[in-house]
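# Report on the structure
Here is what each chain is made of, one letter per residue.
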Amino acid sequence: DEGYITEAQAAEALDTPLSIKPRVNSFIADAAYFTEQVRRYLEDTYGKEVLYTGGLQVHTTMNLKMQQAAQKAVRDNLREHDKRLGYRGPLRVLAQSEEEAFFSEQVKGFEESPLSEGDVTEGVLTGNTAEALSIRIGNDKGSIPLKSLTWASPIRVVSRDTPPKGNSAGGTTLLPRGSVLQVSIQKRLDSGEYLLGLEQDPEAQGAIVALEPHTGQVKAMVGGYDFSQSQFNRVLQARRLPGSAIKPLIYAAALDKGYTPASIIFDTPIIYKETSETGEETSWKPKNYTEKFYGAVTMRDALTHSHNVITIKILEDIGVGYAANYIGKLGIQSPITRDLTLALGSSALTPFELASAYTVFANGGVRVKPTYITQVADRQGHILESIDPADFPEGPQEGQRLIRQSPERVISPETAYLITNMMESVVQKGTGWRAKALGRPVAGKTGTTNDLKDAWFVGFVPQLVAVSWVGYDQERPLGDKETGSRAASPAWVSFMQEAVSTLPPRDFAIPDDMEFRPVDPQTGLLAIEDNPDSYIEVFAPGTAPNRYALDEKKPSAKDFFKLDLEDLR
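The model shown is predicted, which means the values in this text are computed figures rather than measured ones.

With that settled, consider the overall build of the chain. The number of helices and strands found in the chain is 14 helices and 25 strands. Considering only C-alpha atoms, the chain reaches an extent of 120 × 75 × 60 Å along its principal axes. Expressed as a percentage of the 569 residues in the chain, the buried residues total 49%. A separation of at least 24 residues holds for 66% of the contacts in the chain among residues at least 6 apart in sequence. Within the chain, the 75 negative side-chain charges are centred at a point lying 5 Å from the centre of the 60 positive side-chain charges.

Mapped onto the elements of the fold, Thr-260 is located in the loop between helix 5 (247–255) and strand 12 (264–267). Given a relative accessible area of 8%, Thr-260 falls into the buried group.

Ranked by internal contacts, the top residues of the largest apolar core, which has 81 residues, are Tyr-358 and Phe-361. Counting residues per element, this core draws most heavily on helix 9 (residues 351–362), at eight residues. Dropping the residues within four chain positions of it, Phe-361 is found in contact with Pro-248, Leu-249, Ala-252, Leu-330, Ile-411, Ala-416, Ile-419, Thr-420, Met-423 and Phe-460. Counting residues in hydrophobic clusters, the runner-up holds 33 residues, among them Met-66, Val-442, Val-470 and Leu-478.

Right, let's get into the sheet that holds strand 18 (residues 383–386). Here four strands make up an open sheet; going across it, the order is 1-17-18-19 and the pairing mixed. Two strands bound the open sheet, and with one partner strand each, they are strand 1 (57–60) and strand 19 (401–402). As paired elements, strand 1 and strand 17 (residues 373–377) share four bridges and run antiparallel to each other. Each bridged residue has a counterpart across the sheet, and for Val-58 the counterpart in strand 17 is Val-376. Here helix 2 (residues 32–53) sits on the sheet and contacts strand 1, strand 17, strand 18 and strand 19; the angle it forms with strand 17, its principal contact strand, is near 50°.

Pairing between strand 17 and strand 18: three bridges, direction antiparallel. Bridging across to strand 18, Ala-377 finds its partner in Ile-383. The turn joining strand 17 and strand 18, which pair antiparallel and follow one another in sequence, is formed by five residues; a positive phi near 85° is taken by Gly-381. Both strand 18 and strand 19 contribute to a ladder of two bridges, which runs parallel. Bridge pairing in strand 19 links Ser-386 to Leu-402.

So, about the packing of helix 3 (residues 64–84) against helix 11 (residues 484–499). At a minimum axis distance of 8 Å, the contact between helix 3 and helix 11 shows a crossing angle of 150°. By the angle between their axes, helix 3 is roughly antiparallel relative to helix 11. Seen along the crossing, helix 3 lies across helix 11 with a hand that is right-handed. Each of Lys-65, Met-66, Ala-69, Ala-70, Ala-73, Asn-77 and Arg-84 in helix 3 lies in contact with helix 11, whose residues at this interface are Arg-486, Ala-487, Ala-488, Pro-490, Ala-491, Ser-494, Phe-495, Glu-498 and Ala-499. When its residues are assigned to classes, the contact of helix 3 with helix 11 shows ten nonpolar, two polar and four charged.

Looking at the element boundaries, Met-496 is found in helix 11. In sequence terms Met-496 and Ala-435 are 61 residues apart; their C-alpha atoms lie 8.9 Å from each other. Not counting chain neighbours up to four residues away, the residues in contact with Met-496 comprise Leu-438, Val-461, Leu-464 and Ala-466.

Let's shift gears to the side chain of Lys-219. Following the sequence through the fold, Lys-219 ends up in strand 11 (residues 218–222). Buried within the structure, Lys-219 lacks any salt-bridge partner; its nearest side chain of opposite charge belongs to Glu-212, at an N-O separation of 4.2 Å. At 3.0 Å, the side chain of Lys-219 and the side chain of Gln-217 are in polar contact.

Spatial ordering of the open sheet is given by 11-10-23-22-21, a layout of five strands whose pairing is antiparallel. In this open sheet, the two edge strands, each paired with only one partner strand, are strand 11 and strand 21 (443–448). For this sheet, the mean angle separating the axes of adjacent strands, direction not counted, is 5°. Where strand 10 (residues 205–211) and strand 23 (residues 464–471) come together, seven bridges link them in antiparallel fashion.

All right, on to the pattern of salt bridges then. Scanning the model with the defined rule gives 26 salt bridges in all. Salt-bridge contacts for Arg-136 lead to Glu-100; the nearest nitrogen and oxygen are separated by 3.3 Å. Of the two residues, Arg-136 sits in strand 4 (residues 132–137) while Glu-100 sits in helix 4 (residues 99–112), which places them 36 residues apart along the sequence. On the basis of relative accessibility, which here comes to 46%, the residue Glu-100 falls in the partly exposed class. Between Arg-300 and Glu-537 there is a salt bridge, with its nearest N and O atoms 2.5 Å apart. Here Glu-537 lies in strand 25 (residues 535–539) and Arg-300 lies in helix 6 (residues 299–304), a separation of 237 residues in the sequence. For the pair shown, Arg-300 and Glu-537 are each scored as buried.

Before going further, it helps to examine a nonpolar patch on the surface. Taken together, Ile-510, Phe-516 and Ile-536 make up a surface patch of nonpolar side chains, about 290 Å² in accessible area. Relative to the elements of secondary structure, Ile-536 occurs in strand 25. Given a relative accessible area of 58%, Ile-536 falls into the exposed group.

Taking 1.5 Å of rise per residue, the 14 residues of helix 4 would be expected to cover 20 Å, and the 21 Å separating its terminal C-alpha atoms lies within 8% of that figure. Within the sequence span of helix 4, burial applies to Glu-99, Phe-102, Phe-103 and Gln-106. Looking down the long axis of helix 4, one finds its buried residues gathered within 90° of arc, a one-sided arrangement. Residues of helix 4 that are exposed and point over 90 degrees away from its buried face: Ala-101, Glu-105, Lys-108, Glu-111 and Glu-112. Elements that come into contact with the buried residues of helix 4 comprise strand 2 (92–93), strand 3 (120–128), strand 4 and strand 8 (179–188).

What follows deals with the pairing of strand 11. Burial analysis of strand 11 places five of its five residues in the buried class, the great majority of the element. Relative to strand 11, strand 10 is paired through four bridges, and the arrangement is antiparallel. Bridging across to strand 11, Leu-211 finds its partner in Val-218. Here strand 10 folds back onto strand 11, and the loop between the two strands holds six residues, one of which, Gly-216, carries a positive phi near 80°.

Analysis parameters
- Residues numbered from 1 in each chain as written.
- Predicted model: local features only at pLDDT ≥ 70, side-chain atom pairs only at ≥ 80, totals over all residues.
- Heavy atoms only, no water.
- Helix = DSSP H or I, 4+ residues; strand = E, 2+ residues; numbered from the N terminus.
- Buried < 20%, exposed > 50% of the residue type's maximum accessible area, 1.4 Å probe, protein only.
- Contact = heavy atoms within 4.5 Å.
- Lys, Arg positive; Asp, Glu negative; His and termini not counted.
- Charge placed at Lys NZ, Arg CZ, Asp CG, Glu CD.
- Core = buried A, V, L, I, M, F, W, Y, C linked by side-chain atoms within 4.5 Å.
- Pairing = 2+ DSSP bridges.
- Axes fitted to C-alpha atoms, helices over the stretch in contact; angles between N-to-C directions.
- Parallel < 35°, antiparallel > 145°, perpendicular 65-115°, else oblique.
- Left-handed = near helix turned anticlockwise from the far one by under 90°.
- Nonpolar A, V, L, I, M, F, W, Y, C, P; charged D, E, K, R; others polar.
- Salt bridge = Lys/Arg side-chain N within 4 Å of Asp/Glu carboxyl O.
- Polar contact = N/O pair within 3.5 Å; in protein donor to acceptor, adjacent residues only side chain to side chain.
- Patch = residues over 30% accessible without salt bridge, like charges linked within 9 Å, V, L, I, M, F, W, Y side chains within 5 Å.
- Areas by Shrake-Rupley, 256 points an atom, 1.4 Å probe, with all protein chains shown as cover.
- Expected span 1.5 Å × (residues − 1).
- Arc of directions from axis to C-beta.

Next comes the structure, spelled out in structure tokens:
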């Protein structure tokens, strides 16, 4: 009508068949928490109008391989944790008249999205043999071997009208015929049937965040088990108690106050009494996780085995205010509890904050502000913001912004190396032992709250820092012995094994002025080199002991006057 095209061109266009080629973002489900955080940032910065109609081109720091590994690690770990707590029972029980409609609906769904290995779906219990549960999925048959069901056993298949029962509270699992079970596809057998695994959605939540310490770039961020079920990003929005994962920050503060890895601290009972305004007297008797005391312990061993009482004594000595300020400059922005319970991780913080603080250790004492966007451009390719100054050869103009990383030295390289080296001992000899599976230099620390409501593992190699957290949104204990080592570190290990697979193994950089000396473990003093009980300790320049343990143990002339004359005869 407006004369832009001819009648012939219009007819040709109308006769041309349309071929729809949908954009395929197969990774988007794995990156949902990451991309949602990017979307929020863009909306806050540019507004909804530009976000949704401006054709923005956004480049992020995300490493897709790491992101997918993180999502899988969180999900697998939460399922394993949930299984350790027992089986809660079937999803529901179908009446016999409901089964065919259920299977027909499944078949329609499988036509659009066929099942493959690793998928989780629903199956109906049809019976059992002496070795397996018999399951039907759509038009297919499958089986769950009873030997794979130790976490849900003992199991008894009962009639359809018998009430179902799980074993999470103990006893026998009762599964009526017609029970709808959540199952995973292990593989398809030559017979055409499926080999299946029994599953259940976990009730606990988990999170993983990984940062590149030298650039501050966020490489992976998973804020929960399933974004479609909960958009709450626990990496950034959940403030939880870090437990012992806060200890390296306190120990680093102590190192700058004159402590060394060989300093001897006595692990002995302590009691703090306090009188309230009403005159009521209360007492606090902190204890170690093992409920034992270990006497004279080096600072290194105290961190390696996560002794609570020693950390409290160190904190009391260096001052709570000093430690709180020190923790703040490492990147913790949440309010810090300014009392001795800080030593036990009583200040809530986010996994993102904790990861940011640990990057200081991995980066030789330099803090780099984290970022998850490298560049934003408009529809025409005009750069609006970037972390690369080369994108603005004449400097940022109006409407442009340079995202400054501004590295800042917050602690000395010597202190950063000392605390990193001590955390290597946590992995080699202490609670972080699972991280040895990486087969390369690793530093890390577990974290567990007193009531087992939060489990953490924070660890790093020179090129990557990662935090794993597990807990319930509505806080409650994770279960007996569900510590940071057991509940959180398996997810960290699973993620890091995949994440660092293409990174060359590296040793942590040692500052040139560090001193290495043989040390007596009982006194923290120097030892003669051929002493079989000694070990090599590392010290910041000028802090190594200057006395020998052997000299301290030799009796002096005055000691003879303490002997009884009869003994001399």
